[in-house]
Protein chains: 2
Amino acid sequence: MEKELFVIMVLNAWNKALSQVDKLFAELSDEQLQIEIVPNGNRGIYLLGHLAAVNSQMLPLLDFGDPVTPHLYVPFIQTADKDIVDWPSTSELRSAWTKANAELAKHMNAATPDQWFQRHSAVSEQDFMKESHRNKLNVIINRTNHLLYHFGQLVLLKKRVQ
Amino acid sequence: MEKELFVIMVLNAWNKALSQVDKLFAELSDEQLQIEIVPNGNRGIYLLGHLAAVNSQMLPLLDFGDPVTPHLYVPFIQTADKDIVDWPSTSELRSAWTKANAELAKHMNAATPDQWFQRHSAVSEQDFMKESHRNKLNVIINRTNHLLYHFGQLVLLKKRVQ
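Per chain, residue numbering runs from 1 following the sequence as it is written. Just so you know, chain letters begin at A and ligand numbers begin at 1, following the order they were written in. Reporting in this predicted model follows two pLDDT cut-offs: at least 70 for local features of residues, and 80 or more for side-chain atom pairs to be given and counted; totals over whole chains, interfaces and linings ignore these cut-offs and use all residues. Values reported for side chains reflect all heavy atoms of the structure, with hydrogen atoms and water molecules removed beforehand.

Draft legend 1. Up close: the packing of helix α1 (residues 2-27) of chain B against helix α8 (residues 136-154) of chain B. Residues and elements named next belong to chain B. In this description, a line fitted to the C-alpha atoms serves as the axis of each element, helices being fitted only across the stretch in contact, and the angle between N-to-C directions of two axes falls anywhere from 0 to 180 degrees. The helix count covers DSSP runs of H or I at least four residues long, the strand count covers runs of E at least two residues long, and both are numbered beginning at the N terminus. Remark: α1 packs on α8, axes separated minimally by 9 Å, with the N-to-C direction vectors making an angle of 30 degrees. Viewed along their axes, α1 and α8 adopt a mutual orientation that is roughly parallel. In this structure, α1 crosses over α8, and the sense of that crossing is left-handed. Between α1 and α8, the contacting residues are Phe-6, Val-7, Val-10, Leu-11, Ala-13, Trp-14, Ala-17, Leu-18, Gln-20, Val-21, Leu-24 and Phe-25 on the first element and Leu-137, Ile-140, Ile-141, Arg-143, Thr-144, Leu-147, Leu-148, Phe-151 and Leu-154 on the second. Residues were grouped as follows: Ala, Val, Leu, Ile, Met, Phe, Trp, Tyr, Cys and Pro as nonpolar; Asp, Glu, Lys and Arg as charged; and all remaining residues, including Gly, as polar. Residues belonging to the contact of α1 with α8 are distributed by class as follows: 18 nonpolar, 2 polar and 1 charged. To sort the angles, those under 35 degrees are grouped as roughly parallel, those over 145 as roughly antiparallel, those from 65 to 115 as roughly perpendicular, and the leftovers as oblique. Less than a right angle of anticlockwise turn of the near helix away from the far helix marks a crossing as left-handed, whereas a clockwise turn marks it as right-handed. By definition, residues are in contact when any of their heavy atoms lie within 4.5 Å.

Structure (structure tokens):
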């Protein structure tokens, strides 16, 4: 019962953040996504690829299977906007974002409260015995925070455009 | 035990976010805080006042007492940057931020796991019976997200300055 309540609290916050970001990406045109948020800073298109890649990588971290867009890992998690050589098209990145989220939602909706309190795949069994807060639900807390960090930046794109 | 674990997860995320923002405010000079993050957008100084005011208002919301800086509520929560007439000094806002956080930390450290699962002061007893996720810990989850939203914007100030 208590576990179920925690899960609701955390997943509610994640789903709310995700739908805000999803709505914003839908509102921003391909042209708007090409604008730098601040001079020499990331463009919206980079953050679209970055967030798609991060969400895709959540799948193995949560034992939900392989990332659906593994090819985005190196460019959008390990590389900066200006250093990416071979850019996917905007429509490909939009699809990657939608696909990663759909796959995540499928598994998240099916997970039991007990599953959420199991260790995530990047923590060893030994460490988890000492630090039981490093569970799958904690990944959602951290990723929600990460999502909002970039959401705060992405909303500024609306002000950058006439 | 489970309650305690969950409280740790949520408070860890809050404390991490708060210390990141606190470190950034300490790094940004008074001059840097005067810069608009994007043209016609909020300045750092506004977000400093805004976050101090929001944290101060968390005190009554969590039944931790009165806001320590009630005079910031109207300008920094109900008013936009450009519409504030009577600006407090930057040092006053820096102090307000520190003061609100110190008062919050004092009460947060003393709260028991059971207290965190009680309703916050903006939800009625009746509504809380139906929606028990609207507890004090949920306030921390939401305010952590809000903090990171603005943190994502504030870090861009470092790019705005030579």
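Draft legend 2. Broad picture of the nonpolar core. Membership of the largest hydrophobic core comes to 104 residues, with the highest contact counts inside it found for Trp-116 and Leu-137 of chain A together with Phe-6 and Trp-116 of chain B. Mapped by element, the contributors of at least two residues to this core are α1 (2-27), α3 (44-61), α5 (90-110) and α8 (136-154) of chain A together with α1, α3 (44-61), α5 (90-110) and α8 of chain B. With residues near it in sequence (within four places) discarded, Phe-6 of chain B still touches Phe-6, Met-9, Val-10, Phe-117 and Leu-137 of chain A together with Phe-117 and Leu-137 of chain B. Here the nonpolar core consists of buried residues drawn from Ala, Val, Leu, Ile, Met, Phe, Trp, Tyr and Cys, with membership extended through side-chain atoms lying within 4.5 Å. Burial here depends on accessible area, computed with a 1.4 Å probe over protein chains only, as a share of the maximum for the residue type. Under 20% is buried, over 50% is exposed, and the range in between is partly exposed.

Draft legend 3. Molecular detail of the interface of chain A and chain B. In this assembly, 32 residues from chain A lie in contact with 32 residues from chain B. When two components associate, each loses some accessible surface as probed by a 1.4 Å sphere; the sum of these losses over both components is called the buried area. A buried area of about 2800 Å², summed over both sides, lies between chain A and chain B, and 71% of it is on carbon and sulfur atoms. Three residues, Phe-6, Met-9 and Tyr-149 of chain A, lead the burial of chain A against chain B; their summed loss comes to 21% of the area buried on that side. The salt bridge definition used is simple: a Lys or Arg side-chain nitrogen within 4 Å of an Asp or Glu carboxyl oxygen. The residue Glu-2 of chain B makes a salt bridge to Lys-3 of chain A at a minimum N-O spacing of 3.8 Å. Under the rule applied, a polar contact is a pair of N or O atoms within 3.5 Å (in protein, one hydrogen donor and one hydrogen acceptor; residues adjacent in sequence only if both atoms are side-chain atoms). For the pair chain A and chain B, the number of links is 2 residue pairs in polar contact (both at pLDDT 80 or more). For the side of chain A that touches chain B, the leading source of residues is α8 of chain A, giving 10 residues. Of the residues belonging to the side of chain A that touches chain B, the class tally is 17 nonpolar, 11 polar and 4 charged.

Interpretation note: all reported values are geometric properties and have no functional meaning in isolation.
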